[in-house]
Amino acid sequence: MQVAMTVNGRPVHGEIEPRMLLVHFVRDQLGLTGTHWGCDTSNCGTCVLWMDGEPVKSCTVLAAMAHGHEIRTVEDLERDGELDPVQQGFVEQHGLQCGFCTPGMMMTARWLLDHNPHPSEAEIREAISGQICRCTGYANIVRAIQWAAEHPRVEPETVPEAFAAAGQAPERSGEEVGVR
Amino acid sequence: MTTVEEAPAVPMGFGRMTRKEDARFVRGRGNYVDDIVLPGMLHGAVLRASLPHARITRIDTSAAEAHPKVRAVITGSMLEDLNLAWMPSLSHDVVPVLATDKVRFQGQEVAFVVADDRYAARDALELIEVDYEPLPPVIDARQAMAPGASVIRDDIDGKTDNHIFDWEAGDRASTDAAFAAAEVVVAQDMVYPRVHPAPMETCGAVADMDKVSGKLTMWSTTQAPHAHRTLYALVAGLPEHKIRVVSPDIGGGFGNKVGIYPGYVLAIVGSIVTGKPVKWMEDRSENLMSTSFARDYHMHGEIAATADGRITALRVKVLADHGAFNNTAQPTKFPAGFFHIFTGSYDLQAAHCEVSGVYTNKAPGGVAYACSFRVTEAVYLVERMVDCLADELGMDPAELRMRNLLRPEQFPYTCKTGWVYDSGDYPRALRLALDIAGYEELRREQAERRQRGELMGIGLSFFTETVGAGPRKHMDILGLGMADGAEVRVHPTGKAVVRLSVQTQGQGHETTFAQIVAEQLGISPQDIDVVHGDTDNTPFGLGTYGSRSTPVSGAAVAVAAQRVRDKARIVASAMLEVAPEDLEWEKGRWFVRGDPSVGATIGEIAMAAHGSLELPEGVEGHLDAECVYDPPNLTYPFGAYICVVDVDPGTGQVKVRRFVAVDDCGPRINPMIVEGQVHGGLADGVGMALMEVMAFDTEGNHLGGSFMDYLVPTSLECPMFELGETVTPSPHHPLGLKGVGESATVGSPPAVVNAVLDAIGVRHADMPFTPAQVWRSMQGRPLRTDLAVE
């Protein structure tokens, strides 16, 4: 079957088996290998990406279900050569070791900060509690997200809806918010 | 004299700096095995045994072969014809690549399908028919040697039972004498259950056999690429120079990725058969059910002491469940790994241990999950026994430990089973941990809460690790000595490259090994490229596990860099026309003694070494050096941990409130990375103590085959850790460094367990302390956690 969706602001389409998982479509067909696969059972969260502005576990979403929807992956966090504060926070606070859970963690963190710019430690822990890291013991992931909250990107246009709108709003001077 | 102001973000050597490798990881640009795509690549999938013990009577692959997307179906009998059905294990046993006669654990490899895509390969597995004749399984290790137990390994000539080995260490007679004379003796049975490293990335490989050149390129999730290459040469008869093993980014290892799995060999066979590259990635269930587990030690401990709390002797008997094949990674002379360091951190008169290994119908392995070759089990045993003794004596466990710890003046210390501890100041570390925790205040709070019916527990552990395997005269793995090579080369423009035999799985080698060279040569870590994980481009060595990278490979790099510095001195002497002895070193520069303004930087020396400068007799050009480092001894990091828990008296739910960890691993190359590794190990301890277990039912069904059943800690179970450090350099490492990667995994489980038992006032019950186990323990009838039996 044919699917078409917007991925990181770009329209994409593909011929797939109806049963194909979104994680495999993104990785194998689009070559966006920053999204990882780790468990098949929606437990580990290495496959977290955004669908219509909400984090989802893409091992439990069919590619067909994403037809007509907006997908955003880790590859879209960096803008105009500048790391997202969440990415910078993970670097600064040593929020990653092997790096395998990192993309999913960062996508959840970005979503959290868009909706709650000053989360408490408990709110951060709750937000990432559906994702597993075996290296860090989570302490530095929490600190990385706190760092990002303390260093928001200086970008007047940035409002919570901006990221969700980014892909479908090329008229909003795409250079600022889109990746082309 | 000129000095260069360094930006604090990048130290010229040791110190905190952010990691060089992070630039790609935070962009989603890591390159893991499953990210590798080659032209024409096919996909493999493994059919696995549904039963734990059964004779294979028929395999019909015809329907699978007829699948339009299937390129090959491989069975054990086909491999037998190629003499590839069995491969050597890491412990002088054999492991089947694909089952031929019997399946011996649930999840064992039975057939391999190669197809156009991963979905088709999985589909075709369903089309393979296997007829089994079920056999009684041996699941409970305690029944493995019982009369009438099924003989699992009837493939071994003359084998009539499930016995693997008996091994002992220490002095039996003096230990028995110490026990006979003891005023107090406490005995305790305990199980360290089977657990799994469960790295976030499962195991996998891409094999590409080039039929024209005859060269095999093997991308795989391996912590030990050079050892794997040699073993492939021995197993498959491929010439070693025609094998290239590449270990790209690895999504966590923890020992899980040390051994060679059948899937790797099958990917190679698949590529040979089809003439195409073949990718094989296992799924999570395959990872949990078939790959290298950890622990599974059934221990009986006895501790002897005087009435006033002076520990005199330890005696231990262990029953070790090694699964269906003895595939434990261990330095050859030690079938029980390094378990005989079980005397821990204490000054004893005598000690003796016996370990017996048995086969069961479970996956093989035994040493994985950051255990330092079974030091984890040893530390758990002794730290639990000390708490049991404290309970018997009515003494505070901190006071009992302080009274018995080795004293600084006893180092180097030869323990009762023969290990030579290189250095330590144990009381200082324990005192610091007690201070950070506010121990006295915690005990007061605990007493107050108990008055109110609240269950608060404080658990201590003190560990001595033994890492950096190891001296060639003492240890090897399958005949391969455990020395590691390194090469340091300074380019003409003063930038450098260092090539390593070891392989990071998240430890940050691209940063820390650059820092080691920077410390020696005064070249910024940012200007030093670290090459690793590719057997065609790095020197030989046994890889990264057992916390050996810094003690062994780190020493090799340090020595190689020092040799570069020595050579730079000779080149500088030619440049400056002075004798080498008249030159002095400051970081990054040789200068004339007494006239610091006359000198040459390492960059200037590098250019001269590559130029037309006339060099002294016998000095070759260029600026590089190599080292193969044979460590004279292991290194012995240590630490003191204190865990504080609250237990819900109604549900048995444990909440870890605080976790204090004082680690001494000698000087720290990059404190940020050391702290990160300690954090991860502390979380491991929370997981093993409270939730992780691979249990089986009596039929041999694996009860932990997914992350829905095998529970690992999340952000909600882990506290913000409170770390402290003391620094006691190793006297034999060139930079005084000790390994640290597994310290916290070794030290943390007994701290958590001791805290839980302290909270509920029970002397002993077995991990993991799920709410059910806590509640049952409070009722005086703890569960057996490794088997689903009442």
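Values in this document were obtained by computation on a predicted structure and should not be read as measured data.

### Concerning the side chain of Ser91(B)
Residues and elements named next belong to chain B.
Line of reasoning, step 1. Considering the arrangement of structural elements, one finds serine 91 in the loop between β4 (86–88) and β5 (94–96).
Line of reasoning, step 2. Residue serine 91 is classed as buried on the basis of its relative accessible area, which comes to 8%.
Line of reasoning, step 3. Within polar-contact distance, the side chain of serine 91 engages the backbone oxygen of threonine 328 at 2.4 Å.

### A look at helix α5 (residues 172–180) of chain B
Residues and elements named next belong to chain B.
Line of reasoning, step 1. Residues of α5 that are buried include every one of Thr175, Ala178 and Phe179, and no others. Buried positions in α5, seen along its axis, are confined to an arc of 100° and lie on one side of it. For α5, exposure combined with an orientation more than 90 degrees from the buried face picks out Ala173 and Ala180.
Line of reasoning, step 2. Tucked inside the fold, the buried residues of α5 contact β10 (184–195), β15 (293–305), β16 (311–321) and β17 (350–358).
Line of reasoning, step 3. Sitting at the amino-terminal end of α5 is aspartate 171, which places a side-chain oxygen 3.0 Å from the backbone nitrogen of alanine 173.

### Describing the pattern of salt bridges
Line of reasoning, step 1. Counted by the stated rule, this structure contains 76 salt bridges over all chains.
Line of reasoning, step 2. Arg19(A) serves as the salt-bridge partner of Glu17(A), at 2.7 Å between the closest nitrogen and oxygen.
Line of reasoning, step 3. Look at Arg19(A) and you get partly exposed, because its relative accessible area is 32%.
Line of reasoning, step 4. Of the charged contacts in the structure, one is a salt bridge between Glu201(B) and Lys257(B), with a shortest N-O distance of 2.8 Å. Note that Glu201(B) is positioned in the loop between β10 and β11 (204–210) and Lys257(B) in the loop between β13 (243–246) and α7 (262–274), a separation of 56 residues in sequence. Of the two residues, Glu201(B) and Lys257(B), both sit in the buried class.
Line of reasoning, step 5. In this structure, a network of salt bridges that share partners links the residues Arg55(B), Asp93(B), Asp101(B), Lys102(B), Arg104(B), Arg153(B), Asp154(B) and Asp155(B).

### Some words on the domain arrangement of chain A
Residues and elements named next belong to chain A.
Line of reasoning, step 1. Each assigned domain of chain A is listed here: domain 1 (2–76) and domain 2 (85–150).
Line of reasoning, step 2. Centre-to-centre, using C-alpha coordinates, domain 1 lies 21 Å away from domain 2.
Line of reasoning, step 3. Residue-level contacts link 16 residues of domain 1 with 15 residues of domain 2.
Line of reasoning, step 4. Around 1300 Å² of area is buried between domain 1 and domain 2 when both sides are counted, 65% of it from carbon and sulfur atoms.
Line of reasoning, step 5. Contact with domain 2 buries area across many residues of domain 1, yet His36, Trp50 and Val74 alone supply 37% of it, more than any other trio.
Line of reasoning, step 6. Where domain 1 meets domain 2, there are zero salt bridges.
Line of reasoning, step 7. Connecting domain 1 to domain 2 are six residue pairs in polar contact (both at pLDDT 80 or more).
Line of reasoning, step 8. Among the secondary structure elements, those contributing two or more residues to the side of domain 1 that touches domain 2 are β3 (48–51) and β4 (54–57).
Line of reasoning, step 9. Examining the composition of the side of domain 1 that touches domain 2, we find that three residues originate from one element, β4, more than from any other.

### A look at the nonpolar core
Line of reasoning, step 1. Phe90(A), Phe339(B), Tyr421(B) and Phe659(B) are the most contacted members of the largest nonpolar core, which has 216 residues in total.
Line of reasoning, step 2. Of the residues forming this core, the biggest block, eleven residues, is contributed by helix α9 (residues 375–393) of chain B.
Line of reasoning, step 3. Two domains each provide a minimum of three residues to this core, namely domain 1 (2–76) and domain 2 (85–150) of chain A.
Line of reasoning, step 4. Of all hydrophobic cores here, the second largest spans 44 residues; its members include Ile523(B), Val557(B), Ala572(B) and Leu623(B).

### Focus: the sheet that holds strand β21 (residues 455–464) of chain B
Residue and element names in this part refer to chain B.
Line of reasoning, step 1. The sheet built from four strands is open, its strands ordered β21-β31-β32-β33 with mixed pairing. Each having just a single partner strand, β21 and β33 (722–725) make up the two edges of the open sheet. In this sheet, adjacent strand axes meet at a mean angle of 15° when their direction is disregarded.
Line of reasoning, step 2. Across four bridges, the pairing between strand β32 (residues 654–664) and β33 is parallel. Counted as the bridge partner of valine 660 is glutamate 722 from β33.

### Examining the environment of Arg548(B)
Residue and element names in this part refer to chain B.
Line of reasoning, step 1. As for its position among the elements, arginine 548 is in the loop between β26 (528–531) and α14 (549–576).
Line of reasoning, step 2. On a C-alpha basis, the gap between arginine 548 and glycine 468 in space is 3.9 Å, while along the polypeptide they are 80 residues apart.
Line of reasoning, step 3. Setting aside its immediate chain neighbours within four residues, arginine 548 contacts Gly468, Ala469, Gly470, Met482, Ala483, Asp484, Leu542, Gly543 and Ser553.

### Concerning empty space enclosed by the protein
Residue and element names in this part refer to chain B.
Line of reasoning, step 1. The tally for this structure, following the rule as stated, stands at ten cavities of 30 Å³ or more.
Line of reasoning, step 2. Volume-wise, the largest cavity comes out at about 670 Å³.
Line of reasoning, step 3. As for the largest cavity, its lining consists of 46 residues, and the residues nearest its centre are Gln507, Ser547, Gln677, Gly741 and Glu742.
Line of reasoning, step 4. Looking at which element gives the most residues to the lining of the largest cavity, the answer is helix α16 (residues 671–690), with six residues.
Line of reasoning, step 5. Residue classes in the lining of the largest cavity are distributed as 18 nonpolar, 22 polar and six charged.

### Observations concerning the packing of aromatic side chains
All names here are of chain B.
Line of reasoning, step 1. Within the structure shown, the criterion is met by 24 aromatic pairs over all chains.
Line of reasoning, step 2. Summarising the aromatic geometry, the rings of tyrosine 421 and tyrosine 636 are spaced 5.1 Å apart at their centres and angled 25° between planes, so their arrangement reads as stacked. Here the residue tyrosine 421 occupies a position in strand β20 (residues 420–421), and tyrosine 636 occupies one in the loop between β30 (623–629) and β31 (638–647), the gap between them amounting to 215 residues.
Line of reasoning, step 3. Residue class for tyrosine 636 comes out buried when judged on its relative accessible area of 1%.
Line of reasoning, step 4. The structure contains a cluster of three or more aromatic residues connected by ring pairs, namely Trp167, Phe334, Phe338, Phe373, Trp419 and Tyr545.

### What about the packing of helix α3 (residues 102–115) of chain A against helix α5 (residues 139–150) of chain A?
Two quantities define a packed helix pair, namely the angle between the helix axes and the distance between the axes.
Residues and elements named next belong to chain A.
Line of reasoning, step 1. Interhelical geometry of α3 versus α5 gives an angle of 40° and a closest axis separation of 11 Å. Relative to α5, the element α3 is oriented oblique. Where α3 crosses over α5, the two elements pack in a sense that is right-handed. The residues of α5 that touch α3, namely those facing Met105, Ala109, Leu112 and Leu113, are Ile141, Ile145, Ala148 and Ala149.
Line of reasoning, step 2. Considering only residue class, the contact of α3 with α5 consists of eight nonpolar, no polar and no charged.

Parameters at a glance
- Starting from 1, residues in each chain are numbered consecutively following that chain's sequence as written.
- Just so you know, chain letters begin at A and ligand numbers begin at 1, following the order they were written in.
- It should be noted that, the model being predicted, local features are given only for residues of pLDDT at least 70 and side-chain atom pairs only at 80 or more, the latter also being counted only at that level, while totals for whole chains, interfaces and linings use all residues.
- Excluded from the side-chain calculations are hydrogens and water; all other atoms, namely the structure's heavy atoms, are used.
- In this description a helix means any DSSP run of H or I spanning at least four residues, a strand means any run of E spanning at least two, and both kinds are numbered starting from the N terminus.
- For each residue, the accessible area found with a 1.4 Å probe, counting protein chains only, is set against the maximum for its type, and the residue is called buried under 20%, exposed over 50%, and partly exposed in between.
- For the purposes of these results, a polar contact is taken to be a pair of N or O atoms within 3.5 Å, where, inside protein, one atom must be able to donate a hydrogen and its partner to accept one; residues adjacent in sequence count only when each atom of the pair is a side-chain atom.
- For this quantity, the arc is that covered by the directions from the helix axis to the C-beta atoms.
- Whether two residues are in contact is decided by their heavy atoms: any pair within 4.5 Å suffices.
- Only one rule defines a salt bridge in this text: a Lys or Arg side-chain nitrogen within 4 Å of an Asp or Glu carboxyl oxygen.
- The domain boundaries here were taken from an automatic or database domain assignment.
- When two components associate, each loses some accessible surface as probed by a 1.4 Å sphere; the sum of these losses over both components is called the buried area.
- Buried residues of nine kinds, namely Ala, Val, Leu, Ile, Met, Phe, Trp, Tyr and Cys, make up a nonpolar core once their side-chain atoms join them within 4.5 Å.
- Two strands pair if DSSP finds at least two bridges between them.
- Where helices are involved, their axes are fitted lines through C-alpha atoms of the stretch in contact, as for all axes, and angles between N-to-C directions lie from 0 to 180°.
- Buriedness of a pocket was judged along seven lines, with at least five required to meet protein on both sides within 12 Å; pockets are open sets of points on a 1 Å grid over the protein atoms alone, cavities are sets where a 1.4 Å probe fits but cannot get out, and lining residues have an atom within 4 Å of a point.
- Grid points are joined across faces, edges and corners, and a volume is the space filled by probe spheres set on the points.
- For this scheme, ten residues count as nonpolar: Ala, Val, Leu, Ile, Met, Phe, Trp, Tyr, Cys and Pro. Four count as charged, namely Asp, Glu, Lys and Arg, and the remainder, Gly too, count as polar.
- Paired rings are identified among Phe, Tyr and Trp, the last through its six-membered ring, by centres lying within 6.5 Å, and are further divided according to the angle between planes into stacked (under 30 degrees), edge-to-face (over 60) and tilted (the rest).
- Should an angle fall under 35 degrees it is taken as roughly parallel, and over 145 as roughly antiparallel, whereas 65 to 115 is taken as roughly perpendicular and any remaining angle as oblique.
- Each crossing gets its handedness from the near helix: less than a right angle anticlockwise from the far helix is left-handed, clockwise is right-handed.

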